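For reference, the chains in residue letters:
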Amino acid sequence: MKKTVKKIITGILITTITLAAGFGITMLSFNLFDNLTDNQMKILFAIDVFSLSVSALGVMYFFESKKYKEQKRKAFEKRRLERIEERDAQLRELNEIINCSNFAA
């Protein structure tokens, strides 16, 4: 439950920040529409698109890196458990050999 609430709050926070940034940049470009030349407006529009793209890529990178770290941790845990099971099987075999033979020490 606690993890779900944290995910919801994080999602709402990221959405709010992205919407506010997009709204602010768009509002700025529309307010400057009458004062700028055509080339300046094209440059401002390019900056607008670039900044929104960078913020979207940043959010994507943030979430994908979390998923990648979780997958990497699970793979490591799986390999570790396989090594432990293999070692235990070898020790059981050794114990069976030792217990079955009647060597005088």
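These notes cover the structure that comes with them. (Residues numbered from 1 in each chain as written. Predicted model: local features only at pLDDT ≥ 70, side-chain atom pairs only at ≥ 80, totals over all residues. Heavy atoms only, no water.)

### Notes on the layout of surface pockets
There is about 470 Å³ of room inside the largest pocket. Every residue along the wall of the largest pocket is listed here: K3, K6, K7, T10, G11, F63, K66, K67, K69 and E70. Contributions of two or more residues to the lining of the largest pocket are made by helix 1 (2–31) and helix 2 (38–100). (1 Å grid on protein atoms, 1.4 Å probe; cavity = no way out; pocket = protein on both sides within 12 Å on 5 of 7 lines; lining within 4 Å. Points joined across faces, edges and corners; volume = space filled by probe spheres on them. Helix = DSSP H or I, 4+ residues; strand = E, 2+ residues; numbered from the N terminus.)

### Structural notes on a nonpolar patch on the surface
A grouping of L91, L94 and I97 is seen on the molecular surface, where their side chains present a nonpolar patch of about 300 Å² in accessible area. Along the chain, I97 falls in helix 2. A relative accessible area of 58% places I97 in the exposed class. (Patch = residues over 30% accessible without salt bridge, like charges linked within 9 Å, V, L, I, M, F, W, Y side chains within 5 Å. Areas by Shrake-Rupley, 256 points an atom, 1.4 Å probe, with all protein chains shown as cover. Salt bridge = Lys/Arg side-chain N within 4 Å of Asp/Glu carboxyl O. Buried < 20%, exposed > 50% of the residue type's maximum accessible area, 1.4 Å probe, protein only.)

### Observations regarding the environment of M41
Summarising the element assignment, M41 is placed in helix 2. With 12 residues separating them along the chain, M41 and S29 place their C-alpha atoms 7.6 Å apart. What M41 contacts, discounting residues up to four positions off in sequence, is S29, L32, F33 and L36. (Contact = heavy atoms within 4.5 Å.)

### Some points on a negative patch on the surface
On the surface, a cluster of negative charge is made up of E82, E85, E86 and D88. Structurally, the position occupied by E86 is in helix 2. (Lys, Arg positive; Asp, Glu negative; His and termini not counted. Charge placed at Lys NZ, Arg CZ, Asp CG, Glu CD.)

### Here's the deal with a positive patch on the surface
On the surface, K2, K3, K6, K7, K66, K69 and K74 cluster together into a positively charged patch. Those elements that place two or more of their residues in the positive patch are helix 1 and helix 2. One can find K6 in helix 1.

### Quick word on the pattern of salt bridges
All told, the structure shown has three salt bridges when counted by the stated rule. In this structure, the salt-bridge partner of E70 is R73, at a minimum N-O distance of 2.7 Å. Taken as a pair, E70 and R73 lie in helix 2 at a separation of three residues, close to a single helical turn. Judged by relative accessible area, which is 45%, R73 ranks as partly exposed. One salt bridge in this structure joins R80 and E77, with 2.9 Å as the shortest N-O distance. Of this pair, R80 and E77 both sit in helix 2, three residues apart, which is roughly one turn of that helix. The exposure class of E77 is partly exposed, given its relative accessible area of 29%.

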